[in-house]
Amino acid sequence: MSPFISTILLLIAANVFMYVAWYGHLKLQSAGISTSWPLIIVILFSWGIALIEYSLQVPANRIGYAANGGPYSLMHLKVMQEVITLIVFVVMSLIMFDDFEVRWNHILAFIMLIGAVYLVFMK
């Protein structure tokens, strides 16, 4: 698989795990599963999931980075990461949280971020 595609796929997978590490405990709490867990257990649970995220994120950056033969600069990697993070956040939140809604200002902000990606990739 090309570094162009594998970097993006690894970033998407890493962000799914990041979302679960950051917000999954809130879903478990609202489902009544983790309401009695001490905070340290919630933190350790999230760290365990974040370890998987890092195990995907680090290779994505190493494979994709231009200095390692990849197709992306540091700026490309960072901006792609932020946009992928927001896409994963919105999709996962719509799936996992009934009270999550996307409003017009969120959509406008997202369009502006797509503009940022365009600007970063301009020659």
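One can find the structure itself at the top, above this paragraph.
Worth saying up front: this structure is predicted, and the values here are computed from it rather than measured. Every chain is numbered on its own, with residues counted from 1 as its sequence reads. Restriction of local features to residues with pLDDT of at least 70 applies here, the model being predicted, together with a cutoff of 80 or more for giving and counting side-chain atom pairs; totals for whole chains, interfaces and linings are based on all residues. Neither water nor hydrogens contribute to the side-chain values; these are computed over all heavy atoms in the structure.

(A) Spatial organisation of the overall build of the protein. Helix and strand assignments come from DSSP, with helices taken as H or I runs of at least 4 residues and strands as E runs of at least 2, each series counted from the N terminus. A tally of helices and strands in the protein yields four helices and zero strands. Across the protein, helices and strands are ordered from the amino to the carboxyl terminus as α-α-α-α. Looking at the protein as a whole, 28% of its 123 residues qualify as buried. Summed over all atoms, the accessible surface of the protein reaches about 8000 Å², with 74% contributed by carbon and sulfur. Buried means the residue's accessible area, taken with a 1.4 Å probe over protein chains only, is under 20% of the maximum for its type, while exposed means over 50%, and partly exposed covers the values in between. In short, Shrake-Rupley with a 1.4 Å probe defines the accessible areas, and a residue's cover is counted only from the protein chains shown.

(B) Focus on the packing of helix 3 (residues 74-96) against helix 4 (residues 104-121). At their nearest, the axes of helix 3 and helix 4 sit 10 Å apart, and the two run at 160 degrees to each other. One finds that helix 3 runs roughly antiparallel with respect to helix 4. You can see that helix 3 and helix 4 cross each other, and the crossing is left-handed. Facing helix 3, whose interface residues are M75, H76, V79, M80, V83, L86 and I87, helix 4 presents F110, L113, A116, V117, V120 and F121. Classifying every residue of the contact of helix 3 with helix 4 gives twelve nonpolar, one polar and no charged. Orientation is described by axes fitted as lines to C-alpha atoms, over the contacting stretch for helices, and by angles from 0 to 180 degrees between their N-to-C directions. Just so you know how the angles are binned, under 35 degrees is roughly parallel, over 145 roughly antiparallel, 65 to 115 roughly perpendicular, and the rest oblique. In this scheme the crossing of two helices becomes right-handed for a clockwise turn of the near helix relative to the far one and left-handed for an anticlockwise turn of less than a right angle. Two residues form a contact once any of their heavy atoms are found within 4.5 Å. Put simply, Ala, Val, Leu, Ile, Met, Phe, Trp, Tyr, Cys and Pro go in the nonpolar bin, Asp, Glu, Lys and Arg in the charged bin, and everything else, Gly too, in the polar bin.

(C) The arrangement of the side chain of T7 in detail. Turning to its location among the elements, T7 is positioned in helix 1 (residues 3-30). Its relative accessible area of 0% is what places T7 among the buried residues. A polar contact of 3.3 Å, which involves the side chain of T7, links it to the backbone nitrogen of G64. Non-local contacts of T7, meaning those with residues more than four positions away in its chain, are made with A60, I63, G64, Y72 and L77. Polar contacts, as used here, are pairs of N or O atoms within 3.5 Å; protein pairs need one atom able to donate a hydrogen and one able to accept it. Residues neighboring in sequence count only if both atoms are side-chain atoms.

(D) Fine view of the layout of surface pockets. The calculated volume of the largest pocket comes to roughly 240 Å³. Among the elements of the structure, helix 3 and helix 4 are those that each provide at least two residues to the lining of the largest pocket. The biggest single contributor to the lining of the largest pocket is helix 4, with five residues. For the lining of the largest pocket, the class distribution of residues is ten nonpolar, one polar and no charged. For cavity detection a 1 Å grid was placed over the protein atoms alone, and a set of points counts as a cavity when a 1.4 Å probe fits there but cannot get out; an open set counts as a pocket when protein lies on both sides within 12 Å along at least five of seven lines, with lining residues being those that have an atom within 4 Å of a point. Grid points are joined across faces, edges and corners, and a volume is the space filled by probe spheres set on the points.

(E) Broad picture of the nonpolar core. One finds L11, Y19, A60, Y72, L77, M80, I84, V88, M92, M96 and F97 forming the largest nonpolar core, which totals eleven residues. Within the residue set of this core, elements represented by two or more residues are helix 1 and helix 3. The element that contributes the greatest number of residues to this core is helix 3, accounting for six residues. Not counting chain neighbours up to four residues away, the residues in contact with A60 comprise T7, L10 and L11. Among buried residues, those of type Ala, Val, Leu, Ile, Met, Phe, Trp, Tyr and Cys that are joined through side-chain atoms within 4.5 Å constitute a nonpolar core.

(F) Highlighting the packing of aromatic side chains. Only the six-membered ring of Trp is used, alongside the rings of Phe and Tyr, when aromatic pairs are assigned; centres must lie within 6.5 Å, and planes under 30 degrees apart are stacked while those over 60 apart are edge-to-face, with the rest tilted. One pass over the structure, following the stated rule, counts eight aromatic pairs. Considering the side-chain rings of Y19 and Y23, the 5.1 Å spacing of their centres and the 45 degrees angle between planes classify their relative orientation as tilted. Of this pair, Y19 and Y23 both sit in helix 1, four residues apart, which is roughly one turn of that helix. Residue classification places Y19 among the buried positions, given a relative accessible area of 3%. Between Y23 and F89, the ring centres sit 5.5 Å apart and the planes meet at 65 degrees, which makes this aromatic pair edge-to-face. Taken together, the positions of Y23 in helix 1 and F89 in helix 3 put the pair 66 residues apart, joining distant regions of the chain. F89 gets classed as partly exposed once you look at its relative accessible area, which sits at 26%. Three or more aromatic residues joined by ring pairs form one cluster here, namely Y19, W22, Y23, F89 and F100. Only when the NZ of Lys or the CZ of Arg is both within 6 Å of the ring centre and within 35 degrees of the ring normal is a charge said to sit over the ring. The ring of F97 carries K27 above its face, with NZ or CZ at 5.9 Å from the centroid.

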